[in-house]
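Here's the letter readout for the chains.
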Amino acid sequence: MVKVKVQQGWLCGEQLDTVQGDGQYYSFKGIPYAEPPLGKLRFKAPRPPLPWNDTRQATEHGPKCPQMDFLITQELIPGSEDCLYLNVYTPDLKPVSPLAVMVFIHGGGYKSGAGDLDHYGPDFLVSHGVVLVTINYRLEALGFLCLDTKEVPGNAGLKDQVAALKWVKANIVNFGGDPENITVFGESAGGASTSLHILSPMSKGLFKRAIPMSGVPFCDWSIHFAAQKRAFILGKELGLETNDPNVLLEFLQNVPVEQLIDVNPTILSFEDRNNNPFKMYSFTPVVEKDFGEKHFITENPLKILKDGKINDVDVFIGHTNNETLLGINYFEEKQLKNYNRYPDCVVPRKLLYECTADQILDLSEKIHLYYFNGKPIGMKELITYSNHTSFVYDINLFLSKLAEVSKSRKYMYTFSCVSERNVYGKQGLKYGIQGASHLDDLMYLFYANLHNVKLEKNTKEYDLVQLVCKVFTNFAKYGNPTPDSSLGVTWPEYDNTTKSFVDIGDKLTIGADSEKEAIKFWRNLYASVGSEYAI
């Protein structure tokens, strides 16, 4: 057992061996970073953490936010609303010089996930000399309900993340970390969250670098629409008819929490049919109304980017080479028939809200011709299409707009490692599709207890884990994924002229203008209807 003092009191953690057998690290789990958001604090911004008197045991994770694990187990996880906890893992409590800090924000569509060892074991990353922090934050309605009121303007889950970053900034030096060298990174909804921290005035000064992985605010699955109306629909589905947000708030603060889990208060009928995990979630980040209080964002993320009102930090951004392999089972069971029956299913959701019926039919015809050549949609073609429309185009849009206003270093990657660690992309094998799926990249950064894929030295998998962790921790330490020649390439910075990137595969391979033709197609498609999402 080992003790560390933080602002709220003493913690008692433990020293553990890494699963790959190359060293030890110190572990402190279940540290509260905010007051439990219970009772009248439900849906509201987090409050500072409460102190404790006795030494607090930090050997078990805090509770998960109540949720449905829709990605992996399909199980209801009751969890607890008292879920605002983080975990700190460090290779050295008293290093010669403070260590770079990496704060990870988990994904899960803003409706599932947690920062615990099921998916995010620290063993691989701490072996590369960084302090790792993983966090929980409120999910679904608990974290993203928006009433457009001063009390509940939305984005409570993002404000939880800010509270966690503030805690890290104030306390990480006691774990051997450098409070002036903090990197925020996250994947999927965690990647979109990371991107939003680049844009939010609330996050200013809390981190030096950012790694958005497989997600930005423009992705269909991250955008919001009529958030207050959605809240009233939720109330209606739970038995309350009202137009008064204060009455709705009191009602929703008193319903049993299990009634707020895995809800889907759709507003328009097409949201029920034209919907999949890469297209829509009911509770996501919103543009808040400005009530003169502290707010996360009060302008459209694209406008914030275009106006250059950003936290100008170093950015390392990218995606896997076959993101939507993860969705094959879902496409088979629920969506492939709809895609072949209803032409509008292929149109991005943000355009469905903007366009007329005639425009939607015209857009769908162009998409069907480009990706499916007018033929019935097969799985291979559907995966290529969904990769581009759900991830690739939007990530490139974010980076291109960032490059216009940011003076800091920017690097782009694609991730194509394939090995026995690709537990999610295996769904593609029956269709002859190989590649790195959504979530597969995390298997090379974290040890996931849930999958228990062993890592043995002198194997291809071990070498790939070392390569991937080296790239990511290099960026966290130095703001450059290849600060020297040891990895065999010099990673070029991204700009809108060269559009350079590096593919992370069996080795690092430099490329330029990734997915050029597909991006051009989508740019022209958005431009054809005057959409602001045209690059």
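This structure is a prediction, so every number in the text was calculated from the model and none was measured. (Residues numbered from 1 in each chain as written. Predicted model: local features only at pLDDT ≥ 70, side-chain atom pairs only at ≥ 80, totals over all residues. Heavy atoms only, no water.)

Annotation from UniProt places "domain: Carboxylesterase type B" (unreviewed entry) at residues 3–522. Between the end C-alpha atoms of residues 3–522 the distance is 54 Å, and the span holds 30% helix and 16% strand. (UniProt positions renumbered as here; feature names shortened; annotations may be inferred. Helix = DSSP H or I, 4+ residues; strand = E, 2+ residues; numbered from the N terminus.)

In this section: the pairing of strand β9 (residues 131–135). Burial runs high along β9: five of the five residues are buried. Every second residue of β9 is oriented toward a common face, with Val131, Val133 and Ile135 on one face and Leu132 and Thr134 on the other, all of them buried. Bridge analysis of strand β7 (residues 85–90) against β9 gives four bridges, and the strand direction is antiparallel. By the bridge assignment, Val88 is partnered in β9 with Val133. Sheet topology note: the strand β8 (residues 99–105)/β9 ladder contains four bridges and is parallel. Within β9, the position partnered with Val101 by the bridge is Val131. (Buried < 20%, exposed > 50% of the residue type's maximum accessible area, 1.4 Å probe, protein only. Pairing = 2+ DSSP bridges.)

Once that is clear, we can look at the pairing of strand β15 (residues 508–512). Examined bridge by bridge, strand β14 (residues 500–504) and β15 share five bridges and lie antiparallel to one another. By the bridge assignment for β15, Ile504 is matched with Leu508. Linking two consecutive strands that pair antiparallel, namely β14 and β15, is a turn of three residues.

This part is about the pattern of salt bridges. In total, this model carries 23 salt bridges according to the counting rule given. Residue Lys236 pairs with Glu241 through a salt bridge whose shortest N-O separation is 4.0 Å. Classification of Lys236 by relative accessible area gives partly exposed; the value is 48%. Under the relative-accessibility criterion, Glu241 is labelled exposed at 63%. Across the salt bridge formed by Lys426 and Glu420, the nearest N and O atoms sit 3.6 Å from each other. By relative accessible area, Lys426 is classed as partly exposed at 38%. The class for Glu420 is exposed, based on a relative accessible area of 53%. (Salt bridge = Lys/Arg side-chain N within 4 Å of Asp/Glu carboxyl O.)

Another point: the side chain of Asn155. Along the chain, Asn155 turns up in the loop between α2 (140–144) and α3 (156–171). Residue Asn155 is classed as buried on the basis of its relative accessible area, which comes to 0%. A distance of 2.9 Å separates a polar atom in the side chain of Asn155 from the backbone nitrogen of Val286. Contact partners of Asn155, with chain neighbours within four places excluded, come to Gly143, Phe144, Pro285, Val286, Glu288, Phe296 and Ile297. (Polar contact = N/O pair within 3.5 Å; in protein donor to acceptor, adjacent residues only side chain to side chain. Contact = heavy atoms within 4.5 Å.)

The next thing to look at is helix α12 (residues 379–405). Spanning 27 residues, α12 covers 39 Å between terminal C-alpha atoms, matching the ideal 39 Å at 1.5 Å per step. At His388, α12 shows its maximal kink, close to 45°. Along α12, 21 of the 27 residues are buried, which leaves the element largely enclosed by surrounding structure. (Expected span 1.5 Å × (residues − 1). Bend = angle between axes of the 7 residues up to and from the residue.)

Spanning 19 residues, helix α13 (residues 460–478) covers 27 Å between terminal C-alpha atoms, matching the ideal 27 Å at 1.5 Å per step. A positive backbone phi angle near 75° is found at Gly479, which sits one or two residues after α13.

So, on to unusual backbone geometry. For Tyr110, which is not glycine, the phi dihedral falls at a positive 60°. For Tyr110, the location among the structural elements is in the loop between β8 and α1 (123–126). For Tyr110, a relative accessible area of 0% corresponds to the buried category. A positive phi angle, near 55°, is found at Glu515, a position not held by glycine. In this fold, Glu515 is placed in the loop between β15 and α14 (516–528).

This paragraph deals with the environment of Val392. Its place among the elements puts Val392 in helix α12. Here Val392 falls in the buried class, since its relative accessible area comes to 4%. Apart from residues no more than four positions distant in its own chain, Val392 is found in contact with His319, Asn387, Glu515 and Ile519.

The next thing to look at is the nonpolar core. Phe28, Leu86, Val88, Phe175, Ile198, Phe472 and Ile504 are the most contacted members of the largest nonpolar core, which has 173 residues in total. With 12 residues, α12 is the single largest residue contributor to this core. Ignoring any residue separated from it by four or fewer positions in sequence, one finds Phe472 in contact with Met102, Ile211, Met213, Phe316, Tyr413, Leu445 and Ile504. (Core = buried A, V, L, I, M, F, W, Y, C linked by side-chain atoms within 4.5 Å.)

The tally for this structure, following the rule as stated, stands at 39 aromatic pairs. Considering the side-chain rings of Tyr371 and Tyr385, the 5.7 Å spacing of their centres and the 75° angle between planes classify their relative orientation as edge-to-face. Linking Tyr371 in helix α11 (residues 357–372) with Tyr385 in helix α12, this pair joins segments that are 14 residues apart in sequence. Taken as a pair, Tyr371 and Tyr385 share a single burial class, namely buried. Ring centres of Trp522 and Tyr526 lie 6.3 Å apart, and the angle between their planes is 45°; on these two criteria the pair is classed as tilted. With Trp522 and Tyr526 both in helix α14 and four residues apart, this pair spans about one turn of that helix. Each member of the pair, Trp522 as well as Tyr526, carries the same accessibility label: buried. Geometry around Trp52 places Arg56 over its ring, the cationic atom sitting 5.5 Å from the centre. The cationic tip of Arg341 hangs over the ring face of Tyr342; the distance from NZ or CZ to the ring centre is 4.4 Å. (Phe/Tyr/Trp six-rings, centres within 6.5 Å; stacked < 30°, edge-to-face > 60°. Lys NZ or Arg CZ within 6 Å of the ring centre and 35° of its normal.)

Here we take up the side chain of Arg230. Note on placement: Arg230 falls in helix α5 (residues 227–237). According to the relative accessible area criterion, Arg230 is buried, its value standing at 3%. A distance of 3.2 Å separates a polar side-chain atom of Arg230 from the backbone oxygen of Pro265. Residues in contact with Arg230, not counting those within four places in the same chain, are Phe225, Pro265, Thr266, Ile267, Glu271, Met280, Ser282 and Tyr353.

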